[in-house]
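Close look at the chain arrangement
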Amino acid sequence: MEIIECEGLGVTYPGGVEALKNVDLTIEDGDFVIVVGLSGAGKSTLLRTINRLVEPTTGTIKVDGRVINNLDKKELKEYRSEVGMIFQNFNLVNRSSVLRNVLAGRLREVPTWRTLLGLFPEEDVEEALSCLERVGIKEKADSRADELSGGQQQRVGIARALAQEPKILLADEPVASLDPPTSHAVMQDLKRINEEDGITTLVNLHFIDLAQEYGEKIIGLREGELVYQGPASKVTEAKFEEIYGRSITADDQLTAGGEADV
Amino acid sequence: MSNSAAEEKPSRFMLVMGKIKGLLAIILVAIIYIWSARGVGFSLIEIIGELPSFFNLLWDMVPPNWAYSIRLINPLLETFQTAIAGTILGTLLAIPLILLCASNVNRNNPLYFASKGFMNLMRTIDPMLYAAILVAGVGLGAFAGMLALMFFSMAVNAKLTSESLEAIDDGPLEAIEACGGNKLEMIKYAVAPQILPTFASYTLYVFEINIRASTVLGLVGAGGIGVNLDTSLNLFRYPNAAMVILATFVVVVLIDHLSNVLREELV
């Protein structure tokens, strides 16, 4: 069953930059999809359009059979709570505790008067702690977010998204700020969660070796256009060169260029 | 004169022009200065001529009237109560204004520009001018002084904090939005943790300004120790005036220092 269907999706930013052009794509429920392309190809815009952080200019997006282009404010918040997002720069509040950062994922489940007073019900705190446990950093719950390493901070980001109990996970370059061993660990976490919970997951990456290692399906974007959609196993180096519009270099591979390979 | 020649190296003509510009700038500053000095009747001869009477005045102030200090305790307390109440009320009023004046929190453009305009308008007025206007409105006394400091604190705090707020990391704001959080939750979970230390520091800074301003509010009839200074000077009671100045100085320095220590703790 399709969970995400985009038809003729186009995004033009104020100022005239066309970030996405007439994209048609479908994603099956439970898929683990890697979105590849050069920076500026529209990967980030695609993810942000799916949770409406960016407004589509043309076309429709259907999620779970419902068109999400014209949700009203309340429906939009409700919808966003079903879509977890993981960011390149983690987007944690550095000065707040890890637990408090993860509790942000429960905001939609708890009445606003309670969240504003910081009075989360016991079961929501338990839920947040169990999300931290799933990414292996429960013991860090009371630490300040900026006391953690980059890999641990991204795990807090994943736990926050998990706390939303989402149907879809969107990860926007989740490993771009991390070293190679940590990158693999975070990708394995995402893959494990996808397999255990069946949450449909879209991950933006620009490293082709990571894309091939973890992706079941690959979406290739070039200059805002969809140029590939299909199983990862069928993506050859020639196909990557077509997506990138140039020959593949060492910079396109995480483990190339003599960096640590663990 | 061709363009290409000018680009290759500065010509002699350009060098001379540069020197003339420099000279013209100095002459212009000198003219503005002379115009201003004449306007205020500045005269070196007059300063030297008046020096003896100036020293006579200082001499009249020594020794200060120590006994008068007992009667300054209540006015001093009133002065600082004015500053404290003005700062607290102004700070509370500043909170909504700060959020309205930050483009990353308030994305409603007309409301943003209206709030910013209001804040800048309020900020152009000096606390003494507020006090003079308010004394006419609500009558003589510390209440007018407190209102004056309240308006002033609100505007200054809103200006300083909203500018810092616009420079915070927008990532966490986006994360709360992506979780489906509403505006208030975004403020509580992404904005407040980032801006609170800065806000507290600016509040103490505004408090320091208010403490100093509160000591002279009495000169326009808005209460506090300034009233005693005004009266002592008008009645030529220079030892009393000296005592007022000395007491004000000592207490202001103490509070300023305390506030500074607190502010350093915050950063």
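So, here is what we can say about the structure in this document. All values derive from a computational prediction rather than experimental measurement.

Conventions and cut-offs
Residues numbered from 1 in each chain as written. Chains lettered and ligands numbered in written order. Predicted model: local features only at pLDDT ≥ 70, side-chain atom pairs only at ≥ 80, totals over all residues. Heavy atoms only, no water. Pairing = 2+ DSSP bridges. Helix = DSSP H or I, 4+ residues; strand = E, 2+ residues; numbered from the N terminus. Axes fitted to C-alpha atoms, helices over the stretch in contact; angles between N-to-C directions. Contact = heavy atoms within 4.5 Å. Phe/Tyr/Trp six-rings, centres within 6.5 Å; stacked < 30°, edge-to-face > 60°. Buried < 20%, exposed > 50% of the residue type's maximum accessible area, 1.4 Å probe, protein only.

Residues and elements named next belong to chain A. Within the open sheet, the 6 strands sit side by side as β6-β7-β8-β3-β9-β10. Their pairing is mixed. Each end of this open sheet is capped by a strand with a single partner; those strands are β6 (83–86) and β10 (225–231). Strand-to-strand twist in this sheet, taken as the mean axis angle between neighbours without regard to direction, amounts to 15 degrees. Relative to strand β8 (residues 200–205), strand β7 (residues 168–171) runs parallel, the two being bridged by 4 bridges. Note that in β8 the partner of L170 across the bridge is L202. On top of the sheet, helix α9 (residues 237–244) reaches β3 (32–36), β9 (217–222) and β10; it is set at about 35 degrees to β9, its chief contact.

Turning our eyes to something else, we now look at the packing of aromatic side chains. One pass over the structure, following the stated rule, counts 6 aromatic pairs over all chains. Plain terms: the ring middles of A:F240 and A:Y244 are 6.4 Å apart, the flat faces sit at 80 degrees to each other, and that makes the pair edge-to-face. Of this pair, A:F240 and A:Y244 are both found in helix α9, 4 residues apart, which corresponds to roughly one turn of the helix. A:Y244 shares its class with A:F240; the two are buried. Measuring from ring centre to ring centre gives 5.1 Å for B:Y112 and B:F113, while their planes differ by 65 degrees; the resulting arrangement is edge-to-face. B:F113 gets classed as exposed once you look at its relative accessible area, which sits at 53%.

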